[in-house]
Structure formats: C-alpha cells, structure tokens
Amino acid sequence: MSFDYRNGSLYCESVPLAEIAASAGTPCYVYSAADILSRFLEYDSSFDAAQPHTVCYAVKANSNISVLRLLAQAGAGFDIVSAGELYRVLRAGGDPAQVVFSGVGKTFAEIDYALKSGIQTFNCESETEVEWISECASRQGKEARIALRVNPDVDAATHPYISTGLKENKFGIDIALAEDAYRKASQLPGLVVDSVSCHIGSQILNPTSMLEAVDRVLALIERLRAQGLRITNVDLGGGLGIGYKPGDATPSIPDYIGHLNARLAGRNLHVTVEPGRSLVAEAGVLLTRVILQKHNGAKLFTVVDAAMNDLMRPALYQAYHEIQPVHLPMDRPSVSADIVGPVCESGDFLAKDRDMKAVEIGELLAIRNAGAYGFVMSSNYNSRPRAAEVLVDGASWKVVRERETFEDLVQHEM
Ligand SMILES: *Cc1c(COP(=O)(O)O)cnc(C)c1O
C-alpha cells in the first residue's frame, strides 16, 4: 500500500527509499507505520460493534520495540511466545492485561514472570504446563486465567514448517482429548479455566481451513458448557496469509472477520485473534545494494549485501519475495538471475531464476513483504552485523534499531 513509485523512484509513504539507504546504509529494513496501523484498524473495525474482541498482535512476527509501541498506542493486545517477548511488550508500554502467552514449552521461570506481570491468559499446550501454572499461581496467591490450546486436526494447506494444526504437529492438545483435560484443569487450584484457543498455522491463503477449525472449536465449547464449564472466551489464533507473488490474491481481513462475526453471533463469547504476518509483512521491505555480478556457466548470479542471515525465509521455506529496483531502470534487457548473498552456503539465496531487468553494481533493490519474520529471524552467521531497522511515518523517518557494529559481535565473549 505505502510502497509506490514516484517519478521512477520507489518510496515508502512520502520518503524515497534511496534517501534512507544513503543515510542508514544497507542492508536495512524499512517499515511503514501507516501500513501497520491501517491493517490493525482493519482487523479491529471489522468486528461487529456488539462482538467483544481483542486483537493481540503476534509479537514474534516483528518485535521491534517501536513497532510494538505503535500498536500498543493504537490499543492492540499482544500474543507472546516467550518471556523475552513479554519484556519487549512491557518496555514498549503494552498493557499486560491484554497479553496472551502461547507456546509449547514455557519454563517455570517464564510462567512465574508472566504471572507477576499480570498477563491476561496462558494458552496452555500440555497438562504438565497446566499443573505448573496452578502451582505457580497458588504460590503467588493469585488466580491464572488459562485456555487449553486445542489441536483441531485440520490441514492449513501451507508449508509444512508453518502448519501447526495437524495431529502429527507438536502443538496443542488433541481436540478429542480436550474435554478430559478441561475436566482435570478445572479441578486444580489457582486457575480460572474460561477460554479455548487454537492456531492452525501461518501463511494460510484460503481461510476455509481456518473456519473449519473455528467450527470444531465452537462445537467443543458447546460440549464443555454442557458439562458445566463457564467458557467465556475463544482465541482463534493468527495465520491469515498475504500474497507474496504478484498475482497471488491476499485473503481479505474484513471478509475473514465477517465470517467470524457470523459464527460468533449470539454465543456470548469474547473473541481474541492473534494476527502477526497479515499486520506487518506487507508493511516492510529489506533494502539491499548490488555488490557484483558473475556468471557460472550459463547462470547469472547477482550478489547483494543482504543474505540469509538477514532474511532467512527463502532458505528456510523456499519462500518467494518480490524484488524491485529502487530506481526504475531505463531500457535495460530482461535477464534471469539468482539473487544471492555473500554467505558461505548454497542455501543463501533471496531469489532463484528470477526474471528481471538487468541490474548494475551499486544499484539498490527492495525485497518486498519483508516486514514479518524478517529481522526477527536474522542472525550473525558469518559474523555479519545485523541490519538497521527504520520506521517511516509520513514524510519523516527514523532509525529504530541501529546497525550492529563489529564490537557488538564480540561484546558478550571473553
Ligand atoms: C505464530 C503465531 C501467531 C501468528 O501467526 P501469523 O501467521 O503470523 O498470523 C499467532 N498465534 C500463535 C500461537 C502463533 O504461534
């Protein structure tokens, strides 16, 4: 939305990307505040006025404190999967009473920290975890609200690494065993067992599978209520995908929420959703500069200064990212090239056999849709300092995470 060409030059909102690259250097992540906020508002405003709801942004998609602050100020809640993410949310001014804690292996120390911080709900993924939370809450003289994350056994039809709702995945509690688990949990001290959660995967392009999971979860809630449990909340997770390839349709947020409205009407349930990717992916680009080009046999390689340590998705998921020149080239021939980084792995590519206009040494490229699962997955592999992050707001922009230095690389070593 906010990344467009003006007079042949690619902009983020009202700022030329070339200006950011000249000042902040490359590789550099650039995020649009307007894009992030408009997608959050799209979620929030698509719920029926009568439907109580909380939009909990999934922090793991992009956990820069300035991004979190933006969303906290807009009234977002947060879905966290570690104590470190909780720390970030609190540092960003997020409201702990709107934080839900997901994840398959919370440690006792993490549970203790989250309880002390006063988070809203633990989404529990095992009976052992439920027992630990009960013990921890009793010790602190508190009550912990919990949901059991159920695994509804539906196929999200996405990449196997980001599919989580099938029986064979490590996530959640088998929905067929959930009633028994709820009965046990409701007898433990220190717990308020009033919620059911699910999350079946990520980058889901066809919401039918998500709605199938919703139907199974709502049926479970009716069975639990029939047994006398007071279930007042349902957490439907995140997972809505975005169109990475040109021509791919991006599922519509209002359409999806509209389906939820219809299913939830009259059920007397507060609903939580946990979108990550669909809020921030399209709101970010990774800016990179062409170092050099080389031919190996018939193949053309364009070597750029961003690599798999900066953006892991292509190497990890064979993900496709659109790559655009920051300055539209004049009359260049079309070529097919692999866009690769300098890291010593054959898996270090950002695009394979990509048909594009020929580029030149020193030219800037924008890797699109890099706002989610980009910087957060980056590493120092090959002793590469991590990239800078920039947040654009209208005509102004600022560095919201400095590029790491060589000193940063070694500061914790002796
Ligand atoms: C990763 C995750 C999300 C966010 O998923 P997206 O596909 O980015 O929307 C939400 N909830 C849980 C429990 C998750 O693990």
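Residues numbered from 1 in each chain as written. Predicted model: local features only at pLDDT ≥ 70, side-chain atom pairs only at ≥ 80, totals over all residues. Heavy atoms only, no water.

Further remarks concern the nonpolar core. Counting residues in hydrophobic clusters, the biggest one holds 100 residues, and the most contacted among them are Tyr57, Phe78, Phe122, Ile146, Tyr182, Val196 and Leu260. With 9 residues, the single largest contributor to this core is helix α8 (residues 208-226). Built from parts of two domains, this core gets at least three residues from each of domain 1 (3-30 + 282-410) and domain 2 (103-273). Contacts of Phe122, omitting those with residues within four sequence positions, involve Phe101, Lys106, Ile111, Ala114, Leu115, Ile133, Ala144, Arg145, Ile146 and Ala147. Ranked by size, the runner-up nonpolar core spans 19 residues in total, among them Leu10, Val15, Leu17 and Leu364. (Core = buried A, V, L, I, M, F, W, Y, C linked by side-chain atoms within 4.5 Å. Buried < 20%, exposed > 50% of the residue type's maximum accessible area, 1.4 Å probe, protein only. Helix = DSSP H or I, 4+ residues; strand = E, 2+ residues; numbered from the N terminus. Domains from an automatic or database assignment. Contact = heavy atoms within 4.5 Å.)

This part is about helix α2 (residues 33-46). For α2, with 14 residues, the first-to-last C-alpha span of 20 Å sits near the 20 Å given by 1.5 Å per residue. Buried within α2 we find Ala33, Asp35, Ile36, Arg39, Phe40, Tyr43 and Ser46. (Expected span 1.5 Å × (residues − 1).)

For the rest of this paragraph, the subject is the packing of helix α4 (residues 83-91) against helix α5 (residues 108-117). Contact geometry for α4 and α5: axes closest at 9 Å, N-to-C directions at 25°. Viewed along their axes, α4 and α5 adopt a mutual orientation that is roughly parallel. You can see that α4 and α5 cross each other, and the crossing is left-handed. Taken together, the residues of α5 that come into contact with α4 (itself represented by Ala83, Leu86, Tyr87 and Leu90) are Glu110, Tyr113, Ala114 and Ser117. Class assignment of the residues belonging to the contact of α4 with α5 gives a composition of 6 nonpolar, 1 polar and 1 charged. (Axes fitted to C-alpha atoms, helices over the stretch in contact; angles between N-to-C directions. Parallel < 35°, antiparallel > 145°, perpendicular 65-115°, else oblique. Left-handed = near helix turned anticlockwise from the far one by under 90°. Nonpolar A, V, L, I, M, F, W, Y, C, P; charged D, E, K, R; others polar.)

Taken domain by domain, the protein comprises domain 1 (3-30 + 282-410) and domain 2 (103-273). Its C-alpha centre places domain 1 at a distance of 36 Å from the equivalent point of domain 2. In this assembly, 10 residues from domain 1 lie in contact with 10 residues from domain 2. Approximately 880 Å² of surface area, both sides summed, lies buried where domain 1 meets domain 2, with 60% of it carried by carbon and sulfur atoms. Contact with domain 2 buries area across many residues of domain 1, yet Glu282, Tyr317 and Tyr320 alone supply 53% of it, more than any other trio. Counting across the domain 1 and domain 2 interface gives 0 salt bridges. Seen at the junction of domain 1 and domain 2, the total is 0 residue pairs in polar contact (both at pLDDT 80 or more). Grouping the amino acids of the side of domain 1 that touches domain 2 by side-chain chemistry returns 4 nonpolar, 3 polar and 3 charged. (Buried area = accessible area lost by both parts, 1.4 Å probe. Salt bridge = Lys/Arg side-chain N within 4 Å of Asp/Glu carboxyl O. Polar contact = N/O pair within 3.5 Å; in protein donor to acceptor, adjacent residues only side chain to side chain.)

A grouping of Ile291, Leu292 and Ile361 is seen on the molecular surface, where their side chains present a nonpolar patch of about 270 Å² in accessible area. Residue class for Ile361 comes out exposed when judged on its relative accessible area of 64%. (Patch = residues over 30% accessible without salt bridge, like charges linked within 9 Å, V, L, I, M, F, W, Y side chains within 5 Å. Areas by Shrake-Rupley, 256 points an atom, 1.4 Å probe, with all protein chains shown as cover.)

Pairing in this open sheet of 3 strands is antiparallel, and the strands run β1-β2-β3 from one edge to the other. Of all the strands in the sheet, the pair left with one neighbour each is β1 (3-6) and β3 (15-16). Pairing analysis gives 2 bridges linking strand β2 (residues 9-12) to β3, with the strands arranged antiparallel. If you follow Tyr11 over to β3, its bridge partner there is Pro16. (Pairing = 2+ DSSP bridges.)

Take the side chain of Arg39 next. As for its placement among the helices and strands, Arg39 is situated in helix α2. Only 3.4 Å separates the side chain of Arg39 from the side chain of Glu282, close enough to count as a polar contact. Those residues in contact with Arg39 that sit more than four places away from it in its chain are Met1, Ile253, Ser278, Leu279, Glu282 and Ala283.

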